[in-house]
Amino acid sequence: MRDNCYSNVEMKKLVWLFFAVAMMCFACKGNRQTSGDDVVGDSTGTTDSVPSDTLEELIAETPMPKAADELFDDFIFNFAASKKVQLSRIHFPLQVLKGEQKEVMQKNDWITDHFFMQQGYYTLIFNNEKQKELCNDTSVNLVTIERIYLKKKFIKQYVFERVNGLWMMQRVQLTDIDDSQNASFLTFYEKFATDSLFQVESLSPTVDFVGPDPDDDFAQMEGVITKDTWPAFAPELPSDMIYNMVYGNEPAEGNQRIFVLRGIANGFEVQLTFKNSGGKWRLVKMIT
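This one's a predicted model, so the numbers in the text were calculated from it and none came from an experiment.

Visitor: Whenever I open this one, the side chain of R147 confuses me. Can you help?
Guide: One can find R147 in strand 4 (residues 142-149). Since its relative accessible area comes to 0%, R147 is described here as buried. Within the local environment of R147, its side chain forms a polar contact with the side chain of Y243, the two groups lying 2.8 Å apart.

Quick look at the structure:
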């Protein structure tokens, strides 16, 4: 069973509401897709498409439950879905940092940022299994959401801190991928996600596999994937822009990465474990 980091019923209902209406808006626009960025004055990207005023009003009428501040994963779904929540949970004037450059943004300049909600999934990068449990840790008081632009080679970090029991966005930081603790892995991942031949070259001789048993809906099966059988199992991976959430202080580099691709409203999840040996990343395990 996959980890469940969003616990309260009210938040789940709000996610379903947002997801369903957002998909309706998406369809009505003729399936036009826009690449996301939304900090005013930032020339490194374009602005995310924003759902209709009707959707905003529907979400605004659903109050954020008090329990949402206990876990960041509960809070962020409410935050991402509601303009009202964002305006009340961002520390204005908001600091926007890029290297030694510092700008500030006023409240009336903020454009609602729905983060990963409109694409229906998000991604996470962990160093180990223990790190995955931090999303269920109520003692975590610092979380950074990373919007990672793989092709443009930079990361936009949204830094949240829990202040007097309430999660608040404190600042936005822009940094190059090369300066990230995940620099080596992200460079590798971009090619792994886009080059099928490179994928095969980057597999361990056998890749451990855990997935649902086709003969039993309540059981899982285990086996191995070889290079010959990989095309039948290879998941479709996002290759332009991905997200990550760093819980607590950013960890040391390490030689392992667990890449998680998780659906928002459909229970879908793929977990890929990579290990770096001799300067080369290889896939060693996949869980679906």
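Anyway, onward from the coordinates.
Visitor: What's the story with the sheet that holds strand 12 (residues 280-287) in this structure? I'm lost.
Guide: Sheets are built from strands paired through backbone hydrogen bonds, the pairs being either parallel or antiparallel. Taking strand neighbours across the sheet as the criterion, the 6 strands line up as 3-10-11-12-7-8 in an open arrangement whose pairing is mixed. Looking at which strands have only one partner, the edges of the open sheet turn out to be strand 3 (121-126) and strand 8 (216-225). Between one strand axis and the next, the sheet turns through 20 degrees on average, direction left out of account. As paired strands, strand 7 (residues 203-213) and strand 8 are joined by 7 bridges and run antiparallel to one another. Residue pairing in the sheet places D213 in a bridge with D216 of strand 8.

Visitor: Looking at this structure, how should I read the pairing of strand 6 (residues 166-176)?
Guide: Consecutive side chains along a regular strand alternate between the two faces of the sheet. The pairing of strand 1 (residues 90-98) with strand 6 spans 5 bridges and is classified as parallel. Each residue of the ladder has a partner; that of Q95, found in strand 6, is R171. As defined by bridge partners, strand 5 (residues 154-163) adjoins strand 6 across 10 bridges and the pair is classed as antiparallel. What sits directly across from Q157, in strand 6, is Q173.

Visitor: What is the right way to read the packing of aromatic side chains from this model?
Guide: Two aromatic rings are characterised by how far apart their centres lie and by the angle between their planes. By the definition in use, this model includes 23 aromatic pairs. Plain terms: the ring middles of F116 and Y243 are 5.4 Å apart, the flat faces sit at 85 degrees to each other, and that makes the pair edge-to-face. Pair noted here: F116 is in the loop between strand 2 (101-105) and strand 3 and Y243 is in strand 9 (residues 241-247), with a separation of 127 residues, a long-range link. In terms of burial, F116 and Y243 fall into one category: buried. In this structure an aromatic cluster arises from ring pairing among F185, F188, Y189, F192, F198, F259, F274 and W281.

Visitor: What's the story with the side chain of D69 in this structure? I'm lost.
Guide: Following the sequence through the fold, D69 ends up in the loop between helix 2 (53-60) and helix 3 (72-81). Given the relative accessible area of 7%, D69 is considered buried.

Visitor: Even after reading the chapter, I still don't get the environment of F92, so can you show me in this structure?
Guide: The residue F92 is located in strand 1 in this model. With residues near it in sequence (within four places) discarded, F92 still touches L87, M105, Q106, K107 and W110.

Visitor: I keep staring at the pattern of salt bridges and nothing clicks. Help me out?
Guide: A pair can form between side chains of opposite charge whenever their charged atoms are brought close. Counted by the stated rule, this structure contains 6 salt bridges. When the shortest N-O distance is used, the salt bridge between R147 and D113 registers 2.9 Å. On the criterion of sequence distance, the pair formed by R147 in strand 4 and D113 in the loop between strand 2 and strand 3 is long-range, its members being 34 residues apart. For the residue pair R147 and D113, the accessibility class agrees, reading buried in each case.

What counts and what doesn't
Residues numbered from 1 in each chain as written. Predicted model: local features only at pLDDT ≥ 70, side-chain atom pairs only at ≥ 80, totals over all residues. Heavy atoms only, no water. Helix = DSSP H or I, 4+ residues; strand = E, 2+ residues; numbered from the N terminus. Buried < 20%, exposed > 50% of the residue type's maximum accessible area, 1.4 Å probe, protein only. Polar contact = N/O pair within 3.5 Å; in protein donor to acceptor, adjacent residues only side chain to side chain. Pairing = 2+ DSSP bridges. Axes fitted to C-alpha atoms, helices over the stretch in contact; angles between N-to-C directions. Phe/Tyr/Trp six-rings, centres within 6.5 Å; stacked < 30°, edge-to-face > 60°. Contact = heavy atoms within 4.5 Å. Salt bridge = Lys/Arg side-chain N within 4 Å of Asp/Glu carboxyl O.

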